[in-house]
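Each chain, written out:
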Amino acid sequence: MTATPQPLGVDAGHAGVCGTQQEGCITCGDVALPLRVERVDKDRMLALCANDEGQTESVEIALVGAVAEGDELLVHAGTAIAHLSQGPRTPGCEAEEVAPI
Amino acid sequence: MKFVDEFRDPELGRVLAGEIVAEVDPNRHYKLMEVCGGHTHSIYKYGIDDLLPENVELVHGPGCPVCVMPMGRIDDGIAIAAENPEVILTCFGDMMRIPGSSQSFLEAKAEGADIRMVYSPLDALRIAKSNPERTVVFFAIGFETTAPSTALTLKRAKLEGVENFLCVCNHVTIVPPLRALLDSPDLRLDGFIGPGHVSTVVGVRPFEFIPAEYGKPLVTAGFEPLDVLQTIRMILAQLRKGEAKLENQYKRVVPYEGNPAALKVMSEVFELRPHFEWRGLGFISQSALKLSEAYADFDAELRYSVPGVRVADPKACQCGEVLKGVIKPWECKVFGTACTPEHAIGTCMVSPEGACAAYYNYGRYSREKEPAVS
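Residues numbered from 1 in each chain as written. Chains lettered and ligands numbered in written order. Predicted model: local features only at pLDDT ≥ 70, side-chain atom pairs only at ≥ 80, totals over all residues.

### With respect to the overall build of chain B
Working step 1: Secondary structure assignment for chain B yields 15 helices and 13 strands.
Working step 2: Its C-alpha atoms give chain B a radius of gyration of 21 Å, near enough to 21 Å, the size a compact globule of 374 residues would have.
Working step 3: Viewed in the frame of its principal axes, chain B has a C-alpha envelope of about 65 × 45 × 40 Å.
Working step 4: Looking at the 374 residues of chain B, the share that counts as buried comes to 56%. (Helix = DSSP H or I, 4+ residues; strand = E, 2+ residues; numbered from the N terminus. Rg over C-alpha atoms; globule rule 2.2 N^0.38 Å. Buried ≥ 20, exposed ≤ 12 C-beta atoms within 10 Å, placed from the backbone.)

Shown next as structure tokens:
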């Protein structure tokens, strides 16, 4: 996977979907996507993040504490709302619940 | 993909479906409401409904932020864009197609209004900075998942001294409509599949009143198929044991206390509106946000005059009853005929997370389930 480097703060395209087609708008749908951090601009509280397809976008990181390259963030409307890397790594509580079945 | 593939395992799904059957009393009818439009979408995308026993009914709640937007607010947005040539109105994708009383944003754009689709409030701010001679108005919608993003952007605009960026705040809050639904005599619900990403921000605590005051279980749920199946099993297990508890299935993302930083920035930038109109639910007290006094300079509703008129839904449209879970989408008179995703009459057909669009796009045209493939 190769992500085209983009300067932070510039519209770097979007790893999410927001359109008028039937696949719809993830922002309207309250959907949040897991994205991986590629670069961090701590001064401006922005990070360049990528999805598995290599699409990148600039993400506000003010709400999720310290962020480092390689971290996974849950991103909604261009803002990270949760730090997945700080939570259970593999199906956390769900694994505990799902495992016995 | 991490955090996704693990939760789409068909074998585990089949096992969970078997466990759900074991939790169910065949002599009882269960009515569970999924609050979030994202859950509605997952349920039909993955065929979860087909895995459930006949007596477990899923009712679709008002958690699609597009679907609950009243027509009058769309008219207000169009008026700002159409009557003020300096304005660039920006909004999220699905908002473009929501019908107002006479046209949608997309149709107003076709007639010359400068209305642009953005992915995030930050994009709208970038447009403002790139067009200093224009005024960029962000038409903000969404529950508490999206509100922090708008709040952060407004805070950034204030910090950077961007004076040509305004906001029409239509952000809504999830708890008041849930209480309104629980108080509604139309509905008899047994439990709730609780909102996932909203809870990432507000936490689980705000839902404590549902088991405590109404004696109904609520389980906060993720959006993958195993998440939803497991949540249904957890609710049914509570009901079998005669319990009503608050549980969190989506612990990998949702902390009990939510995201304190997000709640803080929201409290700085927003304050509660005394009341707000919800499509299908009417006016609900303290159910929406407006900009706080400290951010009044960014409030487009204070800068521009808007019609502010309450517009009744088209008579044929039954979005209100769908949003309250009183009828299924296919019971609406215009579902799939006059009202389709291409030519929507009601909001529930516009957003893919709307119940009508989910039913239409995944072929749920009637009560009959598709026969299982042997």
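### Section: the overall build of chain A
Working step 1: Scanning chain A from terminus to terminus reveals 1 helix and 5 strands.
Working step 2: Traced from its N-terminal end to its C-terminal end, chain A shows the element sequence β-β-β-β-β-α.
Working step 3: For chain A, buried positions account for 50% of its 101 residues.
Working step 4: For chain A, contacts bridging at least 24 residues in sequence account for 44% of all contacts bridging at least 6. (Contact = placed C-beta atoms within 7 Å.)

### Considerations on the packing of helix H1 (residues 10-23) of chain B against helix H11 (residues 225-240) of chain B
All names here are of chain B.
Working step 1: Following both chains from N to C, one finds H1 and H11 inclined at 15°, their axes separated by 9 Å at the closest point. Between H1 and H11, the interaxial angle falls into the category roughly parallel. Relative to H11, the crossing made by H1 is left-handed. Listed contacts from H11 to Leu12, Gly13, Leu16, Ala17, Glu19, Ile20 and Glu23 of H1 are Pro225, Leu226, Leu229, Gln230, Ile232, Arg233, Leu236, Ala237 and Arg240.
Working step 2: Split into classes, the residues belonging to the contact of H1 with H11 amount to 10 nonpolar, 2 polar and 4 charged. (Axes fitted to C-alpha atoms, helices over the stretch in contact; angles between N-to-C directions. Parallel < 35°, antiparallel > 145°, perpendicular 65-115°, else oblique. Left-handed = near helix turned anticlockwise from the far one by under 90°. Nonpolar A, V, L, I, M, F, W, Y, C, P; charged D, E, K, R; others polar.)

### Focus: the domain arrangement of chain B
Residue and element names in this part refer to chain B.
Working step 1: With domains assigned, chain B is organised as domain 1 (5-65 + 174-248), domain 2 (71-171 + 273-303) and domain 3 (319-361).
Working step 2: The centre of domain 1, based on its C-alpha atoms, is set 32 Å off from the matching centre of domain 2.
Working step 3: Taken residue by residue, the interface counts 11 residues in domain 1 and 13 residues in domain 2.
Working step 4: For the side of domain 1 that touches domain 2, the secondary structure elements donating two or more residues are helix H8 (175-183) and helix H9 (197-202).
Working step 5: Considering every element that reaches the side of domain 1 that touches domain 2, the biggest residue donor is H9, with 5 residues.
Working step 6: Of the residues that constitute the side of domain 1 that touches domain 2, the class distribution is 9 nonpolar, 2 polar and no charged. (Domains from an automatic or database assignment.)

### Some words on the environment of Phe335(B)
All names here are of chain B.
Working step 1: Within the secondary structure, Phe335 sits in the loop between helix H14 (319-323) and helix H15 (355-361).
Working step 2: The buried category is assigned to Phe335, around which 26 C-beta atoms lie within 10 Å.
Working step 3: Distance from Phe335 to Ala147, taken between C-alpha atoms, is 31 Å for residues 188 residues apart in sequence.

### Overview of unusual backbone geometry
Working step 1: Phi at Met45(A) takes a positive value of approximately 55°, unusual for a residue other than glycine.
Working step 2: For Ala77(A), which is not a glycine, the phi torsion comes out positive at approximately 50°.

### Section: the sheet that holds strand E8 (residues 218-220) of chain B
All names here are of chain B.
Working step 1: Read across the open sheet, the 5 strands follow the order E2-E1-E7-E8-E9; overall the sheet is parallel. Whereas interior strands pair on both sides, the edge strands pair on one side only; in this sheet they are strand E2 (56-63) and strand E9 (246-248). Each neighbouring strand pair of the sheet contributes to a mean axis angle of 20°, computed without reference to strand direction.
Working step 2: Across the sheet, helix H2 (residues 37-45) lies against strand E1 (30-36), E2 and strand E7 (191-194), angled at about 120° from E1, the strand it touches most. (Pairing = 2+ DSSP bridges.)

### A few points about the nonpolar core
Working step 1: Within the largest apolar cluster, 144 residues are counted, with the highest numbers of intra-cluster contacts made by Leu73(A), Leu89(B), Val137(B) and Cys167(B).
Working step 2: Counting residues per element, this core draws most heavily on H11(B), at 8 residues.
Working step 3: Residues within four places of Leu89(B) in sequence aside, it is in contact with Gly77(B), Ile80(B), Ala81(B), Ala113(B), Asp114(B), Ile115(B), Val137(B) and Phe139(B). (Core = buried A, V, L, I, M, F, W, Y, C linked by C-beta atoms within 7 Å.)

### So, the packing of helix H7 (residues 147-160) of chain B against helix H12 (residues 260-269) of chain B
Residues and elements named next belong to chain B.
Working step 1: In contact at an axis separation of 9 Å, H7 and H12 are set at 60° when each is read in the N-to-C sense. By the angle between their axes, H7 is oblique relative to H12. Where H7 crosses over H12, the two elements pack in a sense that is left-handed. Residue-level contacts link Ala147, Pro148, Ala151, Leu152, Leu154 and Lys155 of H7 to Ala262, Val265, Met266 and Val269 of H12.
Working step 2: Here the contact of H7 with H12 is built from residues that sort into 9 nonpolar, no polar and 1 charged.

### Examining the pairing of E2(B)
Residues and elements named next belong to chain B.
Working step 1: Burial analysis of E2 places 7 of its 8 residues in the buried class, the great majority of the element.
Working step 2: The pairing of E1 with E2 spans 6 bridges and is classified as parallel. Looking across to E2, one finds that Cys36 is bridged to Gly63.

### Digging into the confidence of the model for chain B
Working step 1: Mean pLDDT over chain B: 91, with 97% of residues reaching 70 or higher.
Working step 2: Of the two predicted TM-score estimates for the complex, the pTM is 0.87 and the ipTM is 0.85. (pLDDT = per-residue confidence, 0-100.)

### Quick notes on the environment of Leu236(B)
Residues and elements named next belong to chain B.
Working step 1: Mapped onto the secondary structure, Leu236 falls in helix H11.
Working step 2: Sequence separation of Leu236 and Lys333 is 97 residues, and the distance between their C-alpha atoms is 33 Å.
Working step 3: If we skip the residues at most four places from it in the chain, Leu236 touches Ile20, Glu23, Val24 and Tyr30.

### Describing the sheet that holds strand E5 (residues 135-140) of chain B
Residues and elements named next belong to chain B.
Working step 1: If you trace the 4 strands from one edge of the open sheet to the other, you get E4-E3-E5-E6, paired in parallel fashion. In the strand order of this sheet, the two ends are held by strand E4 (115-117) and strand E6 (165-169), each with one partner. Averaged over all neighbouring strand pairs, the angle between strand axes comes to 25°, with direction disregarded.
Working step 2: Sheet strands touched by helix H4 (residues 71-83): strand E3 (87-91), E4, E5 and E6. Its angle to E3, the strand with the most contacts, is close to 150°.

### What to know about H2(B)
Residue and element names in this part refer to chain B.
Working step 1: Burial analysis of H2 places 8 of its 9 residues in the buried class, the great majority of the element.
Working step 2: Those residues of H2 that sit buried are Gly37, Gly38, His39, Thr40, His41, Ser42, Ile43 and Tyr44.
Working step 3: Here the buried face of H2 lies against E1, helix H3 (48-51), E2, E7, H11 and H15.
Working step 4: Phi turns positive, to about 70°, at Gly47, one or two residues after H2.

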